[in-house]
Amino acid sequence: MALPIASIQLYSLASEFSADMDGSLDKLAGIGLRTVEAFDFVRRPAEIRAALDKAGLTSPTGHAPLLSDELWTPDGSILTPANEIVFEAAAEIGMKTVIEPMVAADRWLTEDGVKDIAERLNAASEKAKEFGLTVGYHNHAQEFVASFDGQTAYERFLDLVDPTVVIELDLFWALAGQQDAVGLVKKLGDRLVAIHVKDGVAPASNPFAPDAPKFDSSSLDQRHAGDGEVPTIDALKAATALEYAVIEYDNAPGDVFEDIADSYTFLIENGLAA
């Protein structure tokens, strides 16, 4: 298998990117990155495409909510447009895959809720084909709170969602959900096209459980790839059809560009990405 391409989820540097789009992308290109994973791109596709072209970068994947009227994140909510508008923006930027980044925790607590998520994502996948796109799903830890007949809600989702929907596995959040990250990679097989390379110390309990206290990204103990509890090397080596190794920090431990460079070097020097 060819090595996956190293990328960076722009959520990691959301404030820096909004303040200086060109400068931020130039710094990422200077690190050695050739691709990024766009975030909050629907309201400014032309601006982002121009900045990417100027920096010599592409965004083959991007995060945008497809299943909710409002996207909740640990740091605030984002209003979401119709799928068609999302796909038009993605096509303008030159994306190949639009990834649903997060579905609210309460929707994962019942079998009907999980079924609804899968059905909506299947419908989005069909619509995306009209724009020459595929769709995917990115996990946090709420998918691992409930279980049904011995299956986690995430496993039930995988059984219900169409194979045209690809998977992006966030290793840190899988660990936060008390999951065997390497085992999940093996289970996903060729459906897994992207991994979020994110390391750190997992919270003591699942922060998305119904009785968990409220949290935000600043409470997360995240570290450079290879410096935490996440089995990054084993997980990446277990993947069979991985296309992208996407660095991400929800809470960068220091200067975000230095942190990105450190994780990029880790991937390249360990022969885990190109």
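Structural notes, computed from the coordinates. Note that the coordinates shown come from a computational prediction; the quantities given were computed from them, not determined experimentally.

Rules behind the numbers
- Residues numbered from 1 in each chain as written.
- Predicted model: local features only at pLDDT ≥ 70, side-chain atom pairs only at ≥ 80, totals over all residues.
- Heavy atoms only, no water.
- Helix = DSSP H or I, 4+ residues; strand = E, 2+ residues; numbered from the N terminus.
- Rg over C-alpha atoms; globule rule 2.2 N^0.38 Å.
- Buried < 20%, exposed > 50% of the residue type's maximum accessible area, 1.4 Å probe, protein only.
- Areas by Shrake-Rupley, 256 points an atom, 1.4 Å probe, with all protein chains shown as cover.
- Pairing = 2+ DSSP bridges.
- Axes fitted to C-alpha atoms, helices over the stretch in contact; angles between N-to-C directions.
- Contact = heavy atoms within 4.5 Å.
- Arc of directions from axis to C-beta.
- 1 Å grid on protein atoms, 1.4 Å probe; cavity = no way out; pocket = protein on both sides within 12 Å on 5 of 7 lines; lining within 4 Å.
- Points joined across faces, edges and corners; volume = space filled by probe spheres on them.
- Phe/Tyr/Trp six-rings, centres within 6.5 Å; stacked < 30°, edge-to-face > 60°.
- Parallel < 35°, antiparallel > 145°, perpendicular 65-115°, else oblique.
- Left-handed = near helix turned anticlockwise from the far one by under 90°.
- Nonpolar A, V, L, I, M, F, W, Y, C, P; charged D, E, K, R; others polar.
- Salt bridge = Lys/Arg side-chain N within 4 Å of Asp/Glu carboxyl O.

**Side note on the overall build of the chain**
Logical step 1: Check the secondary structure of the chain and you find ten helices and 14 strands.
Logical step 2: Its C-alpha atoms give the chain a radius of gyration of 17 Å, near enough to 19 Å, the size a compact globule of 274 residues would have.
Logical step 3: Seen along its three principal axes, the alpha-carbon backbone of the chain occupies a region of about 50 × 40 × 40 Å.
Logical step 4: Evaluated residue by residue, the chain yields a buried proportion of 55% over its 274 residues.
Logical step 5: Split by element, the accessible area of the chain, about 11,200 Å² in all, is 49% carbon and sulfur.

**Looking at the sheet that holds strand E1 (residues 5-8)**
Logical step 1: Strand order in this open sheet of eight strands is E1-E14-E11-E10-E7-E6-E3-E2, and the pairing throughout is parallel. Two strands lie at the open edges of the sheet, namely E1 and strand E2 (35-39), each paired on one side alone. Neighbouring strand axes in the sheet, compared pairwise and without regard to direction, differ in orientation by 30° on average.
Logical step 2: Direction of pairing for E1 relative to strand E14 (residues 244-247): parallel, over a ladder of four bridges. For Ile-8, the partnering residue across the bridge sits in E14 and is Ile-247.
Logical step 3: Sitting on the sheet, helix H6 (residues 153-160) touches strand E7 (134-138) and strand E10 (166-170), and the angle it makes with E10 is about 165°.

**So, helix H3 (residues 45-55)**
Each α-helix winds once per 3.6 residues, and so residues spaced three or four apart point in a common direction.
Logical step 1: Turning to H3, its buried residues are Pro-45, Ile-48, Ala-51, Leu-52 and Ala-55. Projected down its long axis, H3 carries its buried residues within an arc of 135°, all on one side.
Logical step 2: If you follow the buried residues of H3, they end up packed against helix H1 (14-19), helix H2 (21-31), E2, strand E3 (58-63) and helix H4 (83-93).

**A short note on the layout of surface pockets**
By rolling a water-sized probe across the atoms, one finds the places where empty space is left.
Logical step 1: What the second largest pocket holds in volume is close to 170 Å³.
Logical step 2: Every residue lining the second largest pocket is counted, 13 residues in all, and those nearest its centre are Pro-203, Ser-205, Pro-207, Phe-215 and Ser-219.

**Let's talk about the packing of aromatic side chains**
Logical step 1: In total, this model carries eleven aromatic pairs according to the counting rule given.
Logical step 2: Ring plane angle 65° and centroid distance 4.9 Å describe the contact between Tyr-11 and Phe-39, whose orientation is recorded as edge-to-face. A residue pair is termed long-range when its members are at least 10 positions apart, and Tyr-11 in the loop between E1 and H1 and Phe-39 in strand E2 qualify at 28 residues.
Logical step 3: Overall, the relative accessible area of 16% leaves Tyr-11 in the buried class.

**Points about the packing of H2 against helix H10 (residues 256-269)**
Logical step 1: Interhelical geometry of H2 versus H10 gives an angle of 30° and a closest axis separation of 10 Å. As judged from the angle between their axes, H2 and H10 are roughly parallel. Where H2 crosses over H10, the handedness of that crossing is right-handed. Of H10, the residues touching H2 (which contributes Ser-24, Lys-27, Leu-28 and Ile-31) are Phe-257, Ile-260, Ala-261 and Tyr-264.
Logical step 2: Taken together, the residues of the contact of H2 with H10 break down into six nonpolar, one polar and one charged.

**Here's the deal with the pattern of salt bridges**
Logical step 1: The final tally for this structure, using the stated rule, is 15 salt bridges.
Logical step 2: One salt bridge in this structure joins Lys-129 and Glu-126, with 2.7 Å as the shortest N-O distance. Of this pair, Lys-129 and Glu-126 both sit in helix H5 (residues 111-129), three residues apart, which is roughly one turn of the helix.
Logical step 3: For Lys-129, a relative accessible area of 44% corresponds to the partly exposed category.
Logical step 4: With its nearest N and O atoms 3.3 Å apart, the salt bridge here joins Glu-130 to Lys-127.
Logical step 5: Here Lys-127 falls in the partly exposed class, since its relative accessible area comes to 24%.
Logical step 6: Because the salt bridges share partners, they merge into one network encompassing Asp-170, Lys-198, Glu-248 and Asp-250.

**A closer look at the packing of H3 against H4**
Logical step 1: At their nearest, the axes of H3 and H4 sit 8 Å apart, and the two run at 20° to each other. On the basis of their axis angle, the class for H3 and H4 is roughly parallel. With respect to the hand of their crossing, H3 and H4 are arranged in right-handed fashion. Residue-level contacts link Pro-45, Ala-46, Ile-48, Arg-49 and Leu-52 of H3 to Ala-89, Glu-92 and Ile-93 of H4.
Logical step 2: Across the contact of H3 with H4, the residue classes break down as six nonpolar, no polar and two charged.

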